[in-house]
Amino acid sequence: MSDGWHFTAGLAHLAAACAAMTLAIWLAGRRSAAGAAGTALLVALVLSATWAMAIAATNVDTHVAHMLEAGRNLAWLFVVYRLFSADGRHTLVRPIRPVMLSLAAIELFQILQGIIAPGFTFASSTSDVLFHMAIMFRLMFTIGGLVLLHNLYGGASVSTRAVLHWPTVGVAVLWLFDLNLYTVAYLTGAWPDELAALRGCALVATVAALLPGMTGRRAELRFSPSRAVAFELASLLGIGLYLLVMTALGKWLSYVGGGFASLFRFGFLLAGVAAAALVLPSRRLRGWLKVTLVKHLFRHRYDYRAEWLRFNRTIGRAGSGSAPLEQRAIQSLCDITDSPGGLLLGPNDHAELVLSAEWQWRTAEVPAPALSAEACAFFERTGLIVDMDQVRRGGDAQGEGKIVPAWLLCEPMAWALVPLLHFDRLVGVVVLARPKVARMLDWEDFDLLRVVGQQLASYLAEHAGQDALAEAARFDEFNRRIAFVMHDIKNLASQFSLLARNAERHAENPQFRADMLVTLRNSAEKLNALIVRLNRYGKNGREALVDFDVAALARTVAGQFDGRHPVVVNVEGAIPLLGHAEALEQALVHLVQNGVDASLPGTPVFIGLTREPAGVRIEIVDSGAGMSPDFIRTKLFKPFVSSKSGGFGIGACEARELVHGMGGRLDVESREGIGSRFIIRLPLEPAASASEASAPQSVPQQKVA
């Protein structure tokens, strides 16, 4: 060893001896800080300081140094035993006591060899054999000690690991440095003086690792790498493994094939680049790598801090170019589970779940309704996240098998149903699509999805509340305006009625009188009918129930569009119904007009009528531009929202109110670029309302036959 390395060895080991002895003196009066291993740790620190002082005073390769090193190793082995056998955990150490005894025997043999060997003179070949044997024993001890340390720490409980984390790191650092030192010595056949000169640094690192565990700063200094760092380290490990394999094979070829080594290196490099270009862009491979690394490197699958920040960025993204809140809610859940798409099902007026929005899942065929009222009650009662694969295998732990419809079971992309609950009220259900890398849902997925679902439910409920307040404000303004309009119309109707009566008595020209009477009477009747309609709007209708033919009524509505747009009625025979003929006619006119506006010129709109056991089914079908789920949910039935220039936006809203007033329901199915289908379901004989007795008598009731 050169003078420079000798000075470095002395300085490093002197610093290590001072650090170990200082900690030993501090620990002498505070052994309880190290628990049951306090005495063992004190002895190990003293022996380590003595070993380092001996090397600083003499050299790194002396019999005294090797004997003290064996005593140091025995002391640290006893520290490991005391750490993992204290507090009733002796059963954890019992199965590996033979391994500990074997390691102790190896070190005792080293001490015996150090005592006997100086008294004999050996030949060069014998000295080499003894050297390799001593190094081999050292390698056996360090490898065995590290494996033992790993197994004991891996088998300990979570609470135990929190206490033993830093002492385990300290002992591992000491033995890992020795493992590298003895490996180099075995491969080179000589003692590596330069590397051995730095062994004091390993002891300093060990002392530094012991400090947090004895000063109560475990939580502050807890080592927990982020997932990003872990993935980068995994990538570096893969690169290093590639270089190691390439170097080893190149060396082997240099011994065997001579000039082929360079050719092999270039060929191996080209093959590696080609494989990386083909494999790395694959989302499936990246997903598999992420799942595998998270499974084996982390106690938890999710980086909760990163997931929460991403969730808030997705939900909080606003502006003219951002997606609607419903789509952002789906995306936030899909980002967590790496799902490629999702659906949001929201409750309708009948406590059923219908399609509200979709995100990157346009191939899903969602009927109306998508889930029954029983499913809505089930989710509110249980809050269960439904694993679709488990249901397909026949799982029915809490009754989820009964509420999952056939269309979801037949949809292979459907992976999980996540309910969104706000104060035990179901705001919606998100259907998650299957990730690229298939895996089973576990407790951590369920916990995280349940918490995020509750947060999303709060956002959606707040958004719905804001929309309701804005709509109420617009209704208030509308009602104030309508009050003035109705007042003016009533005055005008009264004036027309008075003029008609005066004309009957005072007009001198009989022909003029007759024309004036007809004109004024028709105007008065129309104005009175308009007043009745305005009074009826939102009050479920007030005219009396009459018997009429729905088929004839549909043909009458279609006739109103003759010459403007083709409207085809598909019906066989008459379909009698007891209900409000005028209200149904008005609703059909609104819906057919919407279909006409959405269709290209000359493209027919169809009215289909079907007699069902419980009532009548009326379908208005067009092949126009279609509507998005977001438009259907948030705009179609909202008053004052119109896609037409100058439109008031109450047509579809009034149609639904009129249908509800007849005891029926109005559903919508639409696909963008394909068309829309409005479905009216009416009972054959609705119960008469008590308010019908007070219906205005000035409006003649028409029976459509």
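None of these values were measured; they are calculated from a predicted model.

Undergrad: Explain the overall build of the protein residue by residue, including any values.
TA: The secondary structure content of the protein amounts to 24 helices and 12 strands. The 705 residues of the protein split such that 41% are buried. Expressed as a percentage of contacts within the protein between residues at least 6 apart in sequence, the contacts between residues at least 24 apart total 69%. Per element, the accessible surface of the protein, about 37000 Å² overall, is 62% carbon and sulfur.

Undergrad: Just give me the short version of the pairing of strand E1 (residues 342-347), but keep the residues and values in it.
TA: In terms of burial, E1 is largely enclosed, as 5 of its 6 residues are buried. Two elements, E1 and strand E2 (residues 353-359), share 6 bridges in a ladder whose sense is antiparallel. Along E2, the bridge assignment pairs Pro347 with Leu353. Taking the residues that link successive antiparallel strands as the turn, the E1-E2 hairpin has 5 residues, and the phi of Ala351 there is positive, at about 60 degrees. Across 4 bridges, the pairing between E1 and strand E5 (residues 425-433) is antiparallel. Paired with Leu345 across the bridge in E5 is Val429.

Undergrad: Describe helix H22 (residues 581-598), listing the residues and the values that go with them.
TA: The terminal C-alpha atoms of H22 lie 26 Å apart, and with 18 residues this matches the ideal 26 Å at 1.5 Å per residue to within 8%. Buried residues of H22: Ala581, Ala583, Leu584, Glu585, Gln586, Ala587, Leu588, Leu591, Val592, Gly595 and Val596, and no others.

Undergrad: Lay out the packing of aromatic side chains with the relevant residues and their values.
TA: Enumeration over the complete set of coordinates arrives at 4 aromatic pairs. Ring centres of Trp308 and Phe311 lie 5.5 Å apart, and the angle between their planes is 25 degrees; on these two criteria the pair is classed as stacked. Of this pair, Trp308 and Phe311 both sit in helix H13 (residues 304-316), 3 residues apart, which is roughly one turn of the helix. The class of Trp308 is partly exposed, set by a relative accessible area of 42%. Look at Phe311 and you get buried, because its relative accessible area is 2%. With a centroid separation of 5.5 Å and an interplanar angle of 70 degrees, the aromatic rings of Phe378 and Phe379 are classed as edge-to-face.

Undergrad: How would you sum up helix H14 (residues 325-337)? Please name residues and give values.
TA: Here H14 spans 19 Å end to end across 13 residues, near enough to the 18 Å set by a 1.5 Å rise per residue. In terms of burial, H14 is a largely internal element, 12 of the 13 residues being buried. The complete set of buried residues in H14 reads Leu325, Glu326, Arg328, Ala329, Ile330, Gln331, Ser332, Leu333, Cys334, Asp335, Ile336 and Thr337. Immediately beyond the C-terminal end of H14, within one or two residues, lies Asp338, with a positive phi of roughly 60 degrees.

Undergrad: Which residues make up unusual backbone geometry, and what values do they have?
TA: The omega angle of the peptide bond from Ala368 to Pro369 is 0 degrees, so this bond is cis rather than trans. If you trace the backbone, Pro369 turns up in the loop between E2 and helix H15 (373-382). Despite not being glycine, Phe423 shows a phi value in the positive range, around 55 degrees.

Undergrad: For the environment of Ile111, give the residues involved together with the corresponding values.
TA: Here Ile111 lies in helix H5 (residues 97-116). Overall, Ile111 belongs to the partly exposed group, its relative accessible area being 21%. It is 9.5 Å that separates the C-alpha atoms of Ile111 and Val64, two residues lying 47 residues apart in sequence. Leave out the neighbours within four places in its chain, and Ile111 touches Met67, Ala70, Gly71 and Leu74.

Undergrad: Please provide a residue-by-residue account of the side chain of Glu411, values included.
TA: Among the structural elements, Glu411 can be located in the loop between helix H18 (406-409) and strand E4 (414-422). Of the buried charged residues, Glu411 lacks a salt bridge, with Arg392 as the closest side chain of opposite charge at 7.1 Å. If near-sequence neighbours (up to four positions away) are discounted, Glu411 is found in contact with Trp361, Ala364 and Arg392.

Undergrad: Provide a residue-level description of the sheet that holds E4, including the pertinent values.
TA: Spatially, the 5 strands line up as an open sheet ordered E2-E1-E5-E4-E3, and their pairing is antiparallel. Each having just a single partner strand, E2 and strand E3 (386-387) make up the two edges of the open sheet. The strands touched by H14 are E1, E2, E4 and E5; relative to E2, the strand with the most contacts, the crossing angle is about 70 degrees. Lying on the sheet, H15 is in contact with E3, E4 and E5; it crosses E5 at an angle near 100 degrees.

Undergrad: How would you summarise the packing of H13 against H14 if you had to cite specific residues and measurements?
TA: Direction vectors running N to C along H13 and H14 enclose 160 degrees, while the axes themselves pass 9 Å from each other. Comparing the axis directions of H13 and H14 gives the class roughly antiparallel. In the packing of H13 onto H14, the handedness of the crossing is right-handed. Taking contact as the criterion, the partners of Glu307, Arg310, Phe311, Thr314 and Ile315 in H13 are, on H14, Leu325, Arg328, Ala329, Gln331, Ser332, Asp335 and Ile336. Within the contact of H13 with H14, the residues separate by chemical class into 5 nonpolar, 3 polar and 4 charged.

Undergrad: Just give me the short version of the nonpolar core, but keep the residues and values in it.
TA: Ranked by size, the top nonpolar core spans 41 residues in total, and within it Leu584, Ile618, Ile620 and Ile680 carry the most contacts. Top element by residues in this core is H22. It accounts for 8 residues. Residues within four places of Ile620 in sequence aside, it is in contact with Leu588, Leu591, Val592, Val605, Phe606, Ser676, Arg677, Phe678 and Ile680. Counting residues in each nonpolar core, the second largest holds 40 residues, with Ala17, Ala24, Leu45 and Ala202 among its members.

Here is what the cut-offs are and how they apply
Residues numbered from 1 in each chain as written. Predicted model: local features only at pLDDT ≥ 70, side-chain atom pairs only at ≥ 80, totals over all residues. Heavy atoms only, no water. Helix = DSSP H or I, 4+ residues; strand = E, 2+ residues; numbered from the N terminus. Buried < 20%, exposed > 50% of the residue type's maximum accessible area, 1.4 Å probe, protein only. Contact = heavy atoms within 4.5 Å. Areas by Shrake-Rupley, 256 points an atom, 1.4 Å probe, with all protein chains shown as cover. Pairing = 2+ DSSP bridges. Expected span 1.5 Å × (residues − 1). Phe/Tyr/Trp six-rings, centres within 6.5 Å; stacked < 30°, edge-to-face > 60°. Lys, Arg positive; Asp, Glu negative; His and termini not counted. Salt bridge = Lys/Arg side-chain N within 4 Å of Asp/Glu carboxyl O. Axes fitted to C-alpha atoms, helices over the stretch in contact; angles between N-to-C directions. Parallel < 35°, antiparallel > 145°, perpendicular 65-115°, else oblique. Left-handed = near helix turned anticlockwise from the far one by under 90°. Nonpolar A, V, L, I, M, F, W, Y, C, P; charged D, E, K, R; others polar. Core = buried A, V, L, I, M, F, W, Y, C linked by side-chain atoms within 4.5 Å.

Structural measurements only, silent on function.
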